[in-house]
Structure formats: structure tokens, C-alpha cells
Amino acid sequence: PIITMITADETVCKMSYATLVAGGDADSYYWTYQGSIISDNNRLYRPIRRDNNKFTVHAIKDGCESDTTINVRGVLLPSVKMQDEVICYGDSVELRTNESLISYQWDNITTQSSINSADSYALMVKPKITTQYRVIGENENHCKDTAIATVTVNPLPQIVLSNDKSACEEGTVEISTVDESLVYSWDDHGASYESTFFHEYTMVKYPEENKFVIYAKTTDGCVDSSIVSISTKPKPSLNILFDSAVC
């Protein structure tokens, strides 16, 4: 019988399928690899490739048999890797992969959306919630591979004061916070006080200057700040209406 190979020698990416098709006037076909039958009575065979291999197709007609061999070369996949990142809410982070590839395609797995104009080995992201990103990289053999990275977003601390923010003129007030698990620092007109959840503040002469900054840090290292303004409670007025003379 006559065997006509519809597909010639092939070059495919490793771990992908090659499609081998035989034609001709035979009644039946089978495929062998290194002497062992791997596909019986089929014109088409689709092997998954890991290395370079030779496959032989056999054709049978009226008890006669012929064969021919086709080469399938497996080429390397690109090395596409990324590492997970951890950020605080409001921060940005750059995701990176192998920079020697010829093209890149990024998408946001969490929102199921592609990222336009991101044909680069690096991508700057600023997610508001924990998000997964995927990149598909292609090498010069037009083989592709995929990497996934998770960007974990930790929340900022919530700064809540536990008492009123007011004091008498030129008096003192102790300002304390609700969450004692946070690490605080206080910036009081250039003076810094570390790692305490309360702060004793002395009112200054001019009411518009009675403010300071409080910083809080979580165990994850996320920091936020708030400006605390102290309202001034005026001193009571005292007037002597008349003098009184006594004997």
C-alpha cells in the first residue's frame, strides 16, 4: 500500500500535542514507537511531546504492509515564574517574571479581566483587596507557559479615640485610643512619643495650634495616621461687682 503523510516532520512545544495524520490507499493503519504499538487502526495519532521522538505509521492492504517514519521534535517551554507579594492597603507593588521572553499577556484572575497595554515582563498593580494575577509568557519558539501570583492586601489600622478631645485653656488632657493592640506614636509639635496607647497633651496658648499627629501600626506593619485637634474650653469669667468696706 501507498502511505502519504499529510503532516510532515513537526516541531512542537514540550508537554503539548502533535497531530500526525497518514493518508494513502491502505485498508488499515497503526502506529508504533520504538517497536511497540501505540495506536491501532487509526490514520491519526496525537502524541504529547516531552522530547525528540520518531514515530512509525504502518499501512496494511490485501495482507501487504508498508511503513514510514516521522520525526517530532519537542522544544523547551519558557520559564515563567512570579512570586507572591504582601502589601498594605493603598500601596502599589511591581510583579515581575522572566524578561527574556518575546511577549507577555497579563490578566486579573480575581476580577476575570484582561489587563490592556501590559506586554511587558513587569506589571505595577495597586489592588484594594487580595487579588490573583496571571501572566502568560511566550518564547522565541512560540511556546507558552503560565505563572500566577497572589497579592495579599492587609488593612490599615483604624485609629479611634476613647475620650473627648477638649481641654481648658493652658490645661492638660489625656488622649487615649480604643485598640490597645496597635503600636502608636505621637508627634506633638516636634516631640515624638513611641509605643503607647495614650498621650498627655498640654494645651498651648493659641487654640489653632492645639493639634498633633497620631500614628498607628498593625502587626503586619501597616501604618496610618490621623490629625487630632483639641478644642479649647474657655475659663469661666470672674468679675468683682463692687468693693465692700468693713470695719
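All values derive from a computational prediction rather than experimental measurement.

**Q** Could you give an account of the packing of aromatic side chains, with specific residues and numbers?
**A** Taken as a whole and judged by the stated rule, the model has four aromatic pairs. Relative to Trp 186, the ring of Tyr 184 lies with its centre 6.5 Å away and its plane at 35°, an arrangement referred to as tilted. The exposure class assigned to Tyr 184 is buried, which follows from its relative accessible area of 1%. Taken together, the ring pairs connect Trp 31, Tyr 33, Tyr 45 and Phe 55 into an aromatic cluster.

**Q** Give a detailed account of the nonpolar core, specifying residues and quantitative values.
**A** Within the largest apolar cluster, 16 residues are counted, with the highest numbers of intra-cluster contacts made by Met 82, Leu 95, Trp 106, Val 125, Val 135 and Val 151. The element best represented in this core is strand E15 (residues 144–154), accounting for four residues. If we skip the residues at most four places from it in the chain, Val 125 touches Asp 91, Ser 92, Val 93, Leu 95, Tyr 133 and Val 151.

**Q** How would you summarise the pattern of salt bridges if you had to cite specific residues and measurements?
**A** Summed over the entire model, instances satisfying the criterion amount to three salt bridges. One salt bridge connects Lys 61 with Asp 25, and the closest N-O pair in it is separated by 3.3 Å. Of this pair, Lys 61 sits in strand E7 (residues 53–61) while Asp 25 sits in the loop between strand E3 (20–24) and strand E4 (28–33), placing them 36 residues apart in sequence. Overall, Lys 61 belongs to the partly exposed group, its relative accessible area being 26%. Accessibility expressed as a relative area gives 33% for Asp 25, which makes it partly exposed. Residue Arg 134 pairs with Asp 107 through a salt bridge whose shortest N-O separation is 2.8 Å. Within this pair, whereas Arg 134 is found in strand E14 (residues 131–138), its partner Asp 107 is found in strand E11 (residues 103–108), the two being separated by 27 residues in sequence. According to the relative accessible area criterion, Asp 107 is buried, its value standing at 9%.

**Q** With reference to specific residues and values, describe the state of the cysteines.
**A** Cysteine pairs can be covalently joined through their sulfur atoms, and such a bond is termed a disulfide. Scanning the entire structure with this criterion turns up two disulfides. Across the disulfide from Cys 13 sits Cys 143; the S-S distance is 1.9 Å. One disulfide, between Cys 13 and Cys 143, carries an S-S torsion of -100° and so falls in the left-handed class. Pair noted here: Cys 13 is in strand E2 (residues 10–13) and Cys 143 is in the loop between E14 and E15, with a separation of 130 residues, a long-range link. Classification of Cys 13 by relative accessible area gives buried; the value is 16%. Paired through a disulfide, Cys 88 and Cys 222 show a sulfur-sulfur distance of 2.1 Å.

**Q** Before we move on, could you go through the side chain of Thr 131 and cite the residues and values that matter?
**A** Looking at the secondary structure, you find Thr 131 in strand E14. Setting aside anything within four residues of it in sequence, one finds Thr 131 in contact with Asn 108, Thr 110, Ala 149, Thr 150 and Val 151.

**Q** Could you give an account of the confidence of the model for the protein chain, naming the residues involved and the relevant values?
**A** Residues with a pLDDT of 70 or more make up 87% of the protein chain, whose mean pLDDT is 84. Strand E9 (residues 85–88) holds the highest mean pLDDT among the elements of the protein chain, 97, whereas strand E19 (residues 191–194) holds the lowest, 67.

**Q** Explain the side chain of His 58 residue by residue, including any values.
**A** Mapped onto the fold, His 58 is located in strand E7. Its relative accessible area of 10% is what places His 58 among the buried residues. Only 2.8 Å separates the side chain of His 58 from the side chain of Thr 32, close enough to count as a polar contact. Among the polar contacts listed, one links the side chain of His 58 to the side chain of Glu 65, at a separation of 3.2 Å.

**Q** Quick rundown of the pairing of E14? Include the residues and the values.
**A** Two strands pair when backbone bridges link them, and E11 and E14 are joined in this way by six bridges, in the antiparallel orientation. Note that in E14 the partner of Ser 103 across the bridge is Glu 138. In the sheet, E14 pairs with E15 via eight bridges, with the strands oriented antiparallel. By the bridge assignment, Tyr 133 is partnered in E15 with Ala 149.

Rules and cut-offs
Residues numbered from 1 in each chain as written. Predicted model: local features only at pLDDT ≥ 70, side-chain atom pairs only at ≥ 80, totals over all residues. Heavy atoms only, no water. Phe/Tyr/Trp six-rings, centres within 6.5 Å; stacked < 30°, edge-to-face > 60°. Buried < 20%, exposed > 50% of the residue type's maximum accessible area, 1.4 Å probe, protein only. Core = buried A, V, L, I, M, F, W, Y, C linked by side-chain atoms within 4.5 Å. Helix = DSSP H or I, 4+ residues; strand = E, 2+ residues; numbered from the N terminus. Contact = heavy atoms within 4.5 Å. Salt bridge = Lys/Arg side-chain N within 4 Å of Asp/Glu carboxyl O. Disulfide = S-S within 2.5 Å. pLDDT = per-residue confidence, 0-100. Polar contact = N/O pair within 3.5 Å; in protein donor to acceptor, adjacent residues only side chain to side chain. Pairing = 2+ DSSP bridges.

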